[in-house]
Structure formats: structure tokens, C-alpha cells
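Overview (structure and organization)
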Amino acid sequence: MPNRRRAVAALTALAAAPLLTTTAQARSPEPGPSKAPKARPAEALAARRTPARARLIAADRVSERVLDLTVDSPALGRAGHARVLLPTGYDRRPHHRWPVVYLLHGCCDPGPGWEAWTLNTDVEAITAAIPALIVSPEGGPAGFYSNWWNGGHYGPPAWETFHLAELRPLLERALRANGRRVIAGLSMGGFGALSYAARHPRLFRAAASFSGVIHTTLDPAGIQGILTGQGADPTALWGDPAAQSALWDAHNPYALIPRLPRGYPLYVACGNGAPGPLDPPGRPEDTLERGLGEMAQRYVRRARTHGLAVTAHLYGPGTHTWPYWERELTRALPLLTAPLT
């Protein structure tokens, strides 16, 4: 066990070190090349005077493969979290660099979102043979993987900045992640996966959505209802759907399809809300999954028109529940991992 003790000691030392030097960008980048927006002179001066730097403040080894990270995040204005499933044999290869599979959670979970995949599925066993870091970052109860508009003032929470400008470099510097990445998620996380992939097409080599909210302007009232249910201002995310329609479109996976290059590999799965083979007897129809199934159908049709390499599993009967998402992750992994080698 000496090698493992040395690895744990190294991670403990990392927890006290300021690993990131990137000044957090609080504004939400508009569609375009994956780079931070240029600051105005006054903003640049303020940044030089008061640099905001993310730091890894804890790295807790929960088990052989499970590592929980806590990040002091200027983008969130508080500590942010991520659960990492280390590759099998990670400790035995101290100089190897690993690709990353981002695995995003959904909304409204009563527990910590970053633990959701490991608590509700057998993701550890499903990914045991995959030579990659499996990273499930915190996305907030209803953060929608976006830098919030907040009446035009932006500022925390800036989830996109936390995930892509703070956590991503941290993984590269602290956990030996390399430059090969793919992304997947369920429900709100399916939105995040396809939104991030299209907003930053150079960052991710493939993406997957399981019962994802992937056509946001098809049901803006539904999204605003989720925000209201979580005690948030429903216009704080992307503003009013009519008055700030450009901002809604700038985060809508359906509207962003043309930004993905031809041949880009996508996996899109959803049920139609009718009780299916993984549901208990007597399960009622799931109207949420039915609406998401309509989004998935429209997304798949448009994506194929634009020449994307879509693998669609619109499987009919099935509800908005974990057994289906576990099954779909298993089915999607060959498509997701192929670009990582």
C-alpha cells in the first residue's frame, strides 16, 4: 500500500495549494470562439488590482476511485464541488495524463448534485474499464450550466465559468487531465452537455443527452417554473424569453446546432413518458418526459439536417427516472470514449 499512501499524501498537499491563476470571467460568453471576452480598460484595471483566483481547498479520497474536490470559486462566490471517479490503476501511473468524461447531473435533486450519479446508479462499475477521469461537477439545484444574467449585471452564480475556466484547468494541473474531453448529462445536465458542446466546440469531442432539456424556447414557461420552484427569480437566468430572446437562443442547444462541425458525434436519448420496461407496475404517464421527448425529436431532425453524426435512441415508453439514464449511459459510452483514444 505504500504507493497509495504516497498518492493520498500528494493529493492532501495539493489541497492547500493555489492551483489556478486564471482570473474568473463573470460574464456569459456569447456564441463564438471559445475564449474569454475582452475586458474594457476599466474592467482590466480592476482585475489587475483585485485578481480573483480559484483554489483547490480540499481533495478528499472517499474510496479507491472516488475523489471529492472542493474549490474556492470566484465564479460562484463560494465553494464549488466536483466528484471524480479516478481511472482504475490511477495511482500506479503517476506520470500518465488522462482524458476526461464530464458527467452532468439534473436539477432539483434533494442531495448534493455532484454525488447524484454515484448515489443513484452503478456508474463506478459501468466506467471501471474506461481509462479516463469521470468528472461530475456541481451545477446547482437549477443552475442550468450558465452564467446567470441577473438583470444584466451577471456575477455569481457563473456556472459556465466555474466548469470551463476554473475546474477544467484545475483537473489538468492537479489530476493530470489531458486535452481530450467529452461530455454527457441527464435532464438539466443533458441541456448542459449539448449547450457546452456547441458553445465551445473545440473543447469537447463528443456529447450525449439523456432526457435532456435541449430545446429551451419550446417551453420557456417550464424552465421558468423550475426556477420559481427553487426559489429563484425566473428572469435571473437568461432574462425574459421575449425581451432577452437573443440570450435565450445563445444558450439553447437546438438553436446552437449549426455551431457544431459536420460529423460531430452526438448521442440523444429520451422516452415518451408512457410507463416502460424499467418502471414499476402502475406507474402513471410522465408528462415531463413526454415534453422532453418532443424536444429530442426536433433536435435530432435538425442535427441530422446539419450533417451531425447523431445516434438517437428515442425509445418510446420510458419515464424521467434513473434506471433509464443508467441504461443510456451504458449505451452511449462507446460513442463517447471513441474520440478519447
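Below, the structure is looked at part by part. Worth saying up front: this structure is predicted, and the values here are computed from it rather than measured.

Each helix and strand counted, the protein has 10 helices and 9 strands in total. Every one of the 341 residues in the protein was classed for burial, and the buried ones make up 52%. Pairs at least 24 apart in sequence give 74% of the contacts found in the protein among residues at least 6 apart. Put simply, the protein shows about 14200 Å² of open surface, and 55% of that area lies on carbon and sulfur atoms.

The next point concerns empty space enclosed by the protein. A full pass over the atoms with the stated rule returns 1 cavity of 30 Å³ or more. Estimated volume of the largest cavity: approximately 40 Å³. Taken together, Arg83, Leu85, Leu103, Trp114, Trp117, Thr118, Val123, Ile134 and Ser136 make up the lining of the largest cavity. When residues of the lining of the largest cavity are traced back to their parent elements, those giving at least two are β3 (78-85), α3 (116-120) and β5 (133-137). Grouping the amino acids of the lining of the largest cavity by side-chain chemistry returns 6 nonpolar, 2 polar and 1 charged.

Throughout the structure, instances matching the rule amount to 13 salt bridges. Residues Glu294 and Arg298 are paired through a salt bridge, measuring 2.7 Å at the closest nitrogen-oxygen approach. Of this pair, Glu294 and Arg298 both sit in helix α9 (residues 287-305), 4 residues apart, which is roughly one turn of the helix. Several salt bridges share partner residues, and in doing so they unite Asp68, Arg83 and Glu115 into one network.

Attention shifts here to helix α7 (residues 220-229). Among all positions of α7, only Ile223, Gln224 and Leu227 are buried. Considered in projection along α7, the buried side chains sweep an arc of 95° and stay on one side of the axis. For α7, exposure combined with an orientation more than 90 degrees from the buried face picks out Ala221 and Gly229. Directly beyond the C-terminal end of α7, a positive phi value near 80° is found at Gly231.

What follows concerns the pairing of strand β6 (residues 177-186). Two faces belong to every sheet, and in a regular strand the side chains alternate between them. Buried residues dominate β6, accounting for 8 of its 10 residues. One ladder, built from 6 bridges, connects strand β4 (residues 98-104) with β6; its direction is parallel. Its bridge partner lying in β6, Leu103 is registered against Ala184. Pairing geometry for β6 and strand β7 (residues 207-210), over 4 bridges, is parallel.

Now for the packing of aromatic side chains. Applying the stated criterion across every chain yields a total of 13 aromatic pairs. Each ring, one from Trp117 and one from Trp322, has its centre 5.3 Å from the other, and the planes form 85°; the classification is edge-to-face. With a gap of 205 residues between them, Trp117 in helix α3 and Trp322 in helix α10 (residues 322-337) connect regions that are remote in the sequence. The same class applies to Trp117 as to Trp322, namely buried. Between Phe144 and Phe191, the ring centres sit 5.8 Å apart and the planes meet at 70°, which makes this aromatic pair edge-to-face. In this pair, Phe144 sits in the loop between β5 and α5 (159-174) while Phe191 sits in helix α6 (residues 188-199), placing the two residues 47 residues apart along the sequence. On the basis of relative accessible area, Phe144 is assigned to the buried category, the value being 1%. Clustering of aromatic rings is evident, with ring pairs tying together Trp117, Phe210, Tyr267, Trp322 and Trp325. Its end group placed over the ring of Tyr90, Arg176 keeps NZ or CZ at 4.3 Å from the ring centre.

So, on to the state of the cysteines. Here the structure, examined in full by the defined rule, presents 1 disulfide. Note on cysteine connectivity: Cys107 is disulfide-linked to Cys108, with sulfurs 2.4 Å apart. Around the S-S axis, the bridge from Cys107 to Cys108 shows a dihedral of about -85° and counts as left-handed. Taking relative accessible area as the criterion, Cys107 reaches 22% and is therefore assigned partly exposed. Classification of Cys108 by relative accessible area gives partly exposed; the value is 34%.

Conventions we followed
Within any chain, residue numbers begin from 1 and follow the written order of that chain's sequence. Thresholds applied to this predicted model are a pLDDT of at least 70 for local features of residues and 80 or more for the giving and counting of side-chain atom pairs; totals over whole chains, interfaces and linings are not thresholded and use all residues. Each side-chain value is derived from all of the structure's non-hydrogen atoms; neither hydrogens nor water enter the calculation. Secondary structure follows DSSP: runs of H or I at least 4 residues long count as helices, runs of E at least 2 residues long count as strands, and numbering of each begins at the N terminus. Residue burial is assigned from relative accessible area. The probe radius is 1.4 Å, only protein chains are included, and a residue is buried under 20% of its type maximum, exposed over 50%, and partly exposed in between. When checking whether two residues touch, look at their non-hydrogen atoms; a contact exists if any pair is within 4.5 Å. All accessible areas in this document rest on Shrake-Rupley with a 1.4 Å probe, and a residue is counted as covered only by the protein chains that are shown. Any residue with an atom within 4 Å of a point lines the site, the site being either a cavity, points on a 1 Å grid over the protein atoms alone where a 1.4 Å probe fits but cannot get out, or a pocket, an open set with protein on both sides within 12 Å along at least 5 of 7 lines. Grid points are joined across faces, edges and corners, and a volume is the space filled by probe spheres set on the points. By the convention adopted, Pro, Cys, Tyr, Trp, Phe, Met, Ile, Leu, Val and Ala count as nonpolar, Lys, Arg, Asp and Glu as charged, and the other residues, Gly among them, as polar. Between Lys or Arg on one side and Asp or Glu on the other, a salt bridge is scored when a side-chain nitrogen of the former is within 4 Å of a carboxyl oxygen of the latter. As used here, the arc belongs to the directions running from the helix axis to the C-beta atoms. Strand pairing is assigned whenever DSSP detects at least two bridges linking the two strands. Side-chain rings of Phe, Tyr and Trp (the six-membered ring for Trp) are treated as a pair once their centres are within 6.5 Å; stacked means planes under 30 degrees apart, edge-to-face means over 60, and tilted covers the remaining angles. Each ring is checked for a lysine NZ or an arginine CZ that lies within 6 Å of its centre and within 35 degrees of its normal; such an atom marks a charge sitting over the ring. Cysteine sulfur atoms are paired as a disulfide whenever they come within 2.5 Å of each other.

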